[in-house]
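Each chain is listed here by its residues.
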Amino acid sequence: MIDFCILGAGISGSTIANLLKKKYSVLVVDKAKGVGGRASNKKINKKISFDHGLQYFTARNNLFKNYLNKLIKKRVLKEWHGNHIDFTFDHPKNRKKIIGVKGNNDLNKFLLKGINTELDNEITRIIFNGKNWKIIGKRRDYYAKSLIVSFPYYQAIKLARKYLSKKISKLNVKMEPNITLLLEQKSKKEVPFSSLRLNNKIIAWIANENSKNRFSSSAIYWTIQSSIKFSKKIINVYKKDKIFYSNQMIKEFVKIFNIKNKLKLIKIHGWKFSYSRFNTGVNCFWNQKFNIGVCGDWFIGPNAESAWLSANNLFNEINKNPPK
């Protein structure tokens with residue numbers, strides 16, 4: 001029987017798995033077909049890909065900053081150079097933007113190297129029998145001595161409420177949605193920026209994927225993310241008419257840049273629980289009675305650093321109070 005089953009192969013799940021593997025046997029399970037969670041990278045062929053969730057890594061915390069620098073030296077990550085324009089003036093100018101060498105899920109792949117990872121299996125129920133866990137999935141079930149849940153807040157609470165403290169289940173967490181659009185533009189013109197952050201009613205972020213220097217192409221590839229207001233408006237209905245809602249974003253994009261070249265829609269994707277903007281005052285959760293832990297960015301803040309810190313805090317809690 002496995003020591004720890006970790007649900008979720010995002011940043012927090014991958015980080016806690018990597019930390020625990022030095023001492024315990026570990027299995028990671030995710031419902032997606034690839035690792036990364038919101039750091040997923042969408043490939044459209046062997047060389048072209050989009051970071052369609054998390055756009056980059058940045059660090060305030062010195063521990064995380066040192067960790068990112070270590071992975072830059074290992075050539076897992078690299079700095080995203082170029083002209084990053086922020087018309088919102090809400091983000092520090094001098095903070096480095098770090099990306100994966102091949103895709104932003106390179107961090108997850110590095111963390112999960114050598115760890116048994118099973119994908120494409122959505123977990124629907126968990127049961128603790130007083131000693132061990134039964135983890136029930138749509139495709140297959142698992143058994144483990146201890147369990148870690150690294151899902152977004154609402155999904156974590158729905159699955160594990162019975163085993164969580166009231167403090168955790170009643171945290172005031174507000175997860176914001178996000179809509180991401182992936183486009184191809186047939187153009188040989190050079191784009192004068194790497195990313196653009198906007199105060200716009202529909203579009204909040206535009207990334208020039210070509211500027212990441214992962215591939216060369218005669219076409220331009222764009223990742224466009226919607227404003228919070230627009231995301232909230234369509235997140236529950238966009239799947240019913242993806243072309244209609246994609247066209248709303250495309251029209252705004254064309255209007256911003258006065259684009260005349262034909263744009264090809266690659267994909268529209270909705271992140272219903274993309275991020276939480278606020279710190280809950282709690283870093284993670286560990287219950288030695290049930291041998292269950294919870295970690296995730298939503299405990300601390302909206303970014304990858306928050307996910308990494310939450311996982312590290314959970315690892316410290318497990319070390320202080322090991323599974324019985």
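Let us look at the structure shown here. Treat the numbers as computed from the prediction; the structure is a model and nothing was measured.

1. As for the pattern of salt bridges
Here is step 1: Using the criterion set out here, one finds eleven salt bridges in the structure.
Here is step 2: A salt bridge links Arg38 to Asp297; its shortest N-O distance comes to 3.1 Å. A residue pair is termed long-range when its members are at least 10 positions apart, and Arg38 in the loop between strand S2 (26-29) and strand S3 (41-43) and Asp297 in the loop between strand S18 (292-294) and helix H8 (304-320) qualify at 259 residues.
Here is step 3: On the basis of relative accessibility, which here comes to 23%, the residue Arg38 falls in the partly exposed class.
Here is step 4: Exposure remark for Asp297: the relative accessible area of 7% places this residue in the buried category.

2. Concerning the sheet that holds strand S16 (residues 263-276)
Here is step 1: Strand order in this open sheet of six strands is S6-S13-S14-S15-S12-S16, and the pairing throughout is mixed. The outermost strands of the open sheet, each flanked by one partner alone, are strand S6 (84-86) and S16. Neighbour-to-neighbour, the strand axes of this sheet turn through a mean angle of 15°, independent of strand direction.
Here is step 2: Two strands pair when backbone bridges link them, and strand S13 (residues 195-197) and strand S14 (residues 203-208) are joined in this way by three bridges, in the antiparallel orientation. From the neighbouring strand, Leu196 faces S14, where its bridge partner is Ile206.
Here is step 3: Sitting on the sheet, helix H7 (residues 242-257) is in contact with strand S12 (175-186), S13, S14, strand S15 (219-226) and S16, with an inclination near 100° to S16.

3. What to know about a positive patch on the surface
Here is step 1: The grouping of Lys21, Lys22, Lys70, Lys74 and Lys113 at the surface amounts to a positive patch.
Here is step 2: Position of Lys70 among the secondary structure elements: in helix H2 (residues 62-73).

4. Describing the nonpolar core
Here is step 1: Leu7, Ile126 and Ile135 are the most contacted members of the largest nonpolar core, which has 52 residues in total.
Here is step 2: Tallying contributions element by element places helix H4 (residues 153-160) first for this core, with five residues.
Here is step 3: Counting residues in hydrophobic clusters, the runner-up holds 24 residues, among them Ile220, Ile224, Met249 and Ile268.

5. Digging into the packing of aromatic side chains
Here is step 1: For the structure shown, the criterion picks out 23 aromatic pairs.
Here is step 2: On the numbers, 5.1 Å between centres and 65° between planes, the contact of Tyr154 with Phe273 is edge-to-face. Taken together, the positions of Tyr154 in helix H4 and Phe273 in strand S16 put the pair 119 residues apart, joining distant regions of the chain.
Here is step 3: Relative accessible area serves as the criterion here: at 32%, Tyr154 is assigned to the partly exposed category.
Here is step 4: Here the aromatic cluster, defined as three or more aromatic residues joined through ring pairs, consists of Tyr153, Tyr154, Phe273, Trp298 and Phe299.
Here is step 5: Sitting over the ring of Trp80, Lys212 keeps its end group 4.8 Å from the ring centre.

6. Thoughts on the environment of Leu54
Here is step 1: Looking at where Leu54 falls in the secondary structure, it is placed in the loop between strand S4 (49-51) and H2.
Here is step 2: As for Leu54 and Lys212, which are separated by 158 residues in sequence, their C-alpha atoms are 14 Å apart.
Here is step 3: Excluding residues within four positions of it along the chain, Leu54 makes contact with Arg38, Ala39, Asn104 and Ala304.

7. Here we look at the environment of Ile72
Here is step 1: Turning to its location among the elements, Ile72 is positioned in helix H2.
Here is step 2: Once residues within four sequence positions are removed from consideration, Ile72 is found in contact with Leu77, Lys78 and Ile98.

8. Regarding the side chain of Asn312
Here is step 1: Positionally, Asn312 belongs in helix H8.
Here is step 2: Given a relative accessible area of 19%, Asn312 falls into the buried group.
Here is step 3: Residues in contact with Asn312, not counting those within four places in the same chain, are Thr15 and Leu19.

9. Examining the pairing of S14
Here is step 1: With respect to burial, S14 is a largely interior element, five of its six residues being buried.
Here is step 2: Where S13 folds back onto S14 in an antiparallel hairpin, the turn is made up of five residues.
Here is step 3: In this sheet, S15 lies alongside S14 in antiparallel orientation, the contact comprising five bridges. Following the sheet pairing, Trp205 is matched in S15 by Gln225.

10. Overview of the pairing of S2
Here is step 1: Here S2 shows a buried face lined by Val26 and Val28 and a second buried face lined by Leu27 and Val29.
Here is step 2: In the sheet, strand S1 (residues 2-7) pairs with S2 via four bridges, with the strands oriented parallel. Within S2, the position partnered with Cys5 by the bridge is Leu27.
Here is step 3: Tracing the backbone out of S1, into helix H1 (residues 11-20) and back to the parallel element S2 gives a crossover that is right-handed.

11. Section: the packing of H1 against H8
Here is step 1: One way to put it is that H1 packs onto H8 with a least axis distance of 8 Å and a crossing angle of 35°. Regarding H1 and H8, the two cross each other, and that crossing is right-handed. Between H1 and H8, the contacting residues are Ile11, Ser12, Thr15, Ile16, Leu19 and Leu20 on the first element and Ala304, Ala307, Trp308, Ala311, Asn312, Leu314, Phe315 and Ile318 on the second.
Here is step 2: Classifying every residue of the contact of H1 with H8 by side-chain character gives eleven nonpolar, three polar and no charged.

Calculation notes
- Residues numbered from 1 in each chain as written.
- Predicted model: local features only at pLDDT ≥ 70, side-chain atom pairs only at ≥ 80, totals over all residues.
- Heavy atoms only, no water.
- Salt bridge = Lys/Arg side-chain N within 4 Å of Asp/Glu carboxyl O.
- Helix = DSSP H or I, 4+ residues; strand = E, 2+ residues; numbered from the N terminus.
- Buried < 20%, exposed > 50% of the residue type's maximum accessible area, 1.4 Å probe, protein only.
- Pairing = 2+ DSSP bridges.
- Axes fitted to C-alpha atoms, helices over the stretch in contact; angles between N-to-C directions.
- Contact = heavy atoms within 4.5 Å.
- Patch = residues over 30% accessible without salt bridge, like charges linked within 9 Å, V, L, I, M, F, W, Y side chains within 5 Å.
- Areas by Shrake-Rupley, 256 points an atom, 1.4 Å probe, with all protein chains shown as cover.
- Lys, Arg positive; Asp, Glu negative; His and termini not counted.
- Charge placed at Lys NZ, Arg CZ, Asp CG, Glu CD.
- Core = buried A, V, L, I, M, F, W, Y, C linked by side-chain atoms within 4.5 Å.
- Phe/Tyr/Trp six-rings, centres within 6.5 Å; stacked < 30°, edge-to-face > 60°.
- Lys NZ or Arg CZ within 6 Å of the ring centre and 35° of its normal.
- Right-handed = clockwise from strand over helix to strand, strands pointing away.
- Left-handed = near helix turned anticlockwise from the far one by under 90°.
- Nonpolar A, V, L, I, M, F, W, Y, C, P; charged D, E, K, R; others polar.

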